[in-house]
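# What the coordinates show
What follows is the residue order along each chain.
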Amino acid sequence: MTATTTGRVVVAGASMGGLRTAEQLRAAGWTGAITVIGDEPHMPYNRPPLSKEVLAGKAPFESLAFTPKAAAADVEWRLGTKVVAARLDERIVELDDGTALAYDGLVVATGMRPRRLRCPGPLAGRHTVRTLADAQGLRDELTRPGVRVVVVGGGFIGCEVAATAVGLGVREVTVVDPLPLPMVGPLGELLGEALLRRHEERGVRFALGTGVAGFEGEDRVTGVVLSDGTVLAADVVVESVGSVANVEWLEGNGLDLSDGVLTDEQLRVGGRPDVIAVGDVARFPNARYDGAPRRVEHWSIPTDTAKHAAKALVAHLNGAGAELAPFAPLPTFWSDQHEFRLQSFGAPALGKDDVRILGGDPEGDVLVGYHTGGQLVGVVALGGQAAAMGAARYRSQLLKQPALTP
């Protein structure tokens, strides 16, 4: 491949996906300019510890920051700056400081932001967990004596925050969710019931099958009003009710932005070979499964998408005609709650109608398999290190499985 020596690639988004793409552009042979733009003041850092180690006061920011690879040392970082618009036909992005940047290649890596509840009541005392500042602000609240916490949302972040709060000795922690079990959406009933039991044994309370109708209080929250009329006393509320894709800056370009940014099997956006999307903002077809475009919010996805998308973009910028094999990652996630871990490989959400215990017992350490049409599509372990290692042993089998029929 002939190295490119002119031009610029603009990376919109300076989190993990933006960093990994900048590194992979260099690895793929791009020697032109790379400019990464991000609205946070920090260099890219690891987000999963925010709801656990950072919230618990066990991890300083310095331990979260990623160290860019040496090959990307010449990348230009514009931090504390936001991309507000794009004119894709003209190959220009506009920044909130009034700057207009021309590009040869564009990387969409703007990620997600927390969804907020639209309910009547005060805003003070209500938190989300997405950034370092979010986690630091919430920790200040959780360490006040006698605080009562209501976590709205029983998904990954909600369960992790609840577990961390109990570990901090918070007086009262209640998780509210309209679904009947925590994490039942991604994991199904068997593990949802096991998680509920484990959390309750450690002091977390649950109000399930009900939503939030509003918040009580004058200047700040004092209570959460549930849709069934119950009022939960609350000094602090954590809203963990999903995410919204940061795609508004791409409006007006004829793109499908209905759930993140729709891409093709090479992570190219809108049929444009000069625009790629990476990380959890990308809605891509996975050739390993049924080909339906989906967003994936797991920690492994920024790196996986960056590797593939950077090669596709550099091939275009260098005039190479060869097409890469379709993108086909094996999603991976883990979640630490209390002293146990959830470890997953594959796509369990696709196999929730056929769930089988592969080893262990839901009362203790357990390994669960998820199947579609009799084919294993995902495994999830719940428990200690031995259970997590059991899930890892299925990784090679999942990688060798034939693609699902659409």
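Our subject is the structure listed above.
No experiment lies behind these values; they were computed from the predicted model shown. (Residues numbered from 1 in each chain as written. Predicted model: local features only at pLDDT ≥ 70, side-chain atom pairs only at ≥ 80, totals over all residues. Heavy atoms only, no water.)

### Overview of the overall build of the chain
To keep things clear, this is the line we draw: Each helix corresponds to a stretch of at least 4 residues labelled H or I by DSSP, and each strand to a stretch of at least 2 residues labelled E; elements are numbered beginning at the N terminus. Just to be clear, the radius of gyration here is over C-alpha atoms, and the globule rule we use is 2.2 Å times residues to the power 0.38. Each residue gets one of three labels from its accessible area relative to the maximum for its type: buried under 20%, exposed over 50%, partly exposed in between, using a 1.4 Å probe on protein chains only. By definition, residues are in contact when any of their heavy atoms lie within 4.5 Å. Accessibility throughout is a Shrake-Rupley quantity obtained with a 1.4 Å probe, and a residue counts as covered only by protein chains that appear here. Counting rule applied: Lys, Arg positive; Asp, Glu negative; His and chain ends not counted. Working definition for charges: the position is that of NZ of Lys, CZ of Arg, CG of Asp or CD of Glu.
Scanning the chain for helices and strands turns up 8 helices and 27 strands. In terms of C-alpha radius of gyration, the chain reaches 22 Å, essentially the compact-globule figure of 22 Å for 406 residues. Its C-alpha atoms put the chain at 60 × 55 × 35 Å along the principal axes. Split into buried and exposed, the 406 residues of the chain put 51% on the buried side. For the chain, the proportion of contacts with a sequence separation of at least 24, taken over those separated by at least 6, is 64%. Here the chain has roughly 17100 Å² of accessible surface; of this, 50% comes from carbon and sulfur atoms. Of the charged side chains in the chain, 40 are positive and 48 negative; the average position of the first set lies 4 Å away from that of the second.

### Description of the sheet that holds strand E1 (residues 8–12)
The test is simple: Two strands qualify as a pair provided that DSSP identifies no fewer than 2 bridges between them. Working convention: axes come from line fits to C-alpha atoms, limited for helices to the stretch in contact. Angles between N-to-C directions cover 0 to 180 degrees.
Strand order in the open sheet formed by 6 strands is E3-E2-E1-E7-E20-E19, with mixed pairing between adjacent strands. Edge positions in the open sheet fall to strand E3 (76–79) and strand E19 (268–269), since each of these has one partner strand only. Bridge count between E1 and strand E2 (residues 33–38): 5 bridges; the pairing is parallel. Opposite Arg-8, over in E2, you have Ala-33 as the bridge partner. Across the sheet, helix H1 (residues 16–27) lies against E1, E2, E3, strand E7 (105–108) and strand E20 (272–277), angled at about 175 degrees from E2, the strand it touches most. Sheet strands in contact with helix H6 (residues 301–317) are E1, E7 and E20, and its direction is about 160 degrees off that of E20.

### Describing the environment of Phe-66
Note that Phe-66 resides in the loop between E2 and E3. The spacing of Phe-66 and Tyr-394 is 328 residues in sequence and 29 Å in space, taken between C-alpha atoms. Those residues in contact with Phe-66 that sit more than four places away from it in its chain are Met-16, Leu-19, Arg-20, Pro-44, Tyr-45 and Asn-46.

### A few points about the packing of aromatic side chains
Here is the rule we go by: Each Phe, Tyr or Trp ring (for Trp, its six-membered ring) is paired with any other whose centre lies within 6.5 Å, and the angle between the two planes then decides the class: stacked below 30 degrees, edge-to-face above 60, tilted in between. Only Lys NZ and Arg CZ are tested; either one counts as a charge over a ring when it is within 6 Å of the ring centre and within 35 degrees of the ring normal.
Taken as a whole, this structure holds 4 aromatic pairs when the rule is applied. Taking 5.4 Å as the distance between ring centres and 65 degrees as the angle between the ring planes, the aromatic pair formed by Trp-299 and Trp-334 counts as edge-to-face. With Trp-299 in the loop between strand E22 (293–295) and H6 and Trp-334 in strand E23 (residues 332–337), this pair connects stretches of sequence that are 35 residues apart. Above the plane of the ring of Phe-66 lies Arg-20, whose end atom (NZ or CZ) is 4.9 Å from the centre.

### Notes on the pattern of salt bridges
To keep things clear, this is the line we draw: By salt bridge we mean one thing: a side-chain nitrogen of Lys or Arg within 4 Å of a carboxyl oxygen of Asp or Glu.
Applying the stated criterion to the full structure yields 29 salt bridges. Here Arg-130 ties to Asp-280 by a salt bridge, and the two come within 3.8 Å at their closest N and O atoms. Here Asp-280 lies in the loop between E20 and strand E21 (282–285) and Arg-130 lies in the loop between strand E9 (126–127) and helix H2 (132–142), a separation of 150 residues in the sequence. A relative accessible area of 21% places Arg-130 in the partly exposed class.

### Description of the side chain of His-371
Structurally, His-371 can be placed in strand E26 (residues 366–372). Residue His-371 is classed as buried on the basis of its relative accessible area of 8%. Excluding residues within four positions of it along the chain, His-371 makes contact with Gly-351, Asp-354, Arg-356, Leu-376 and Val-377.

### Looking at H6
Threshold: Helix span is expected to be 1.5 Å times the residue number reduced by one.
The first and last C-alpha atoms of H6 sit 24 Å apart over 17 residues, in line with the 24 Å expected at 1.5 Å per residue. For H6, a buried count of 12 out of 17 residues is recorded, marking the element as mostly surrounded by other parts of the structure. Of the surrounding secondary structure, the elements contacted by the buried residues of H6 are E1, H1, E7, E20 and E21.

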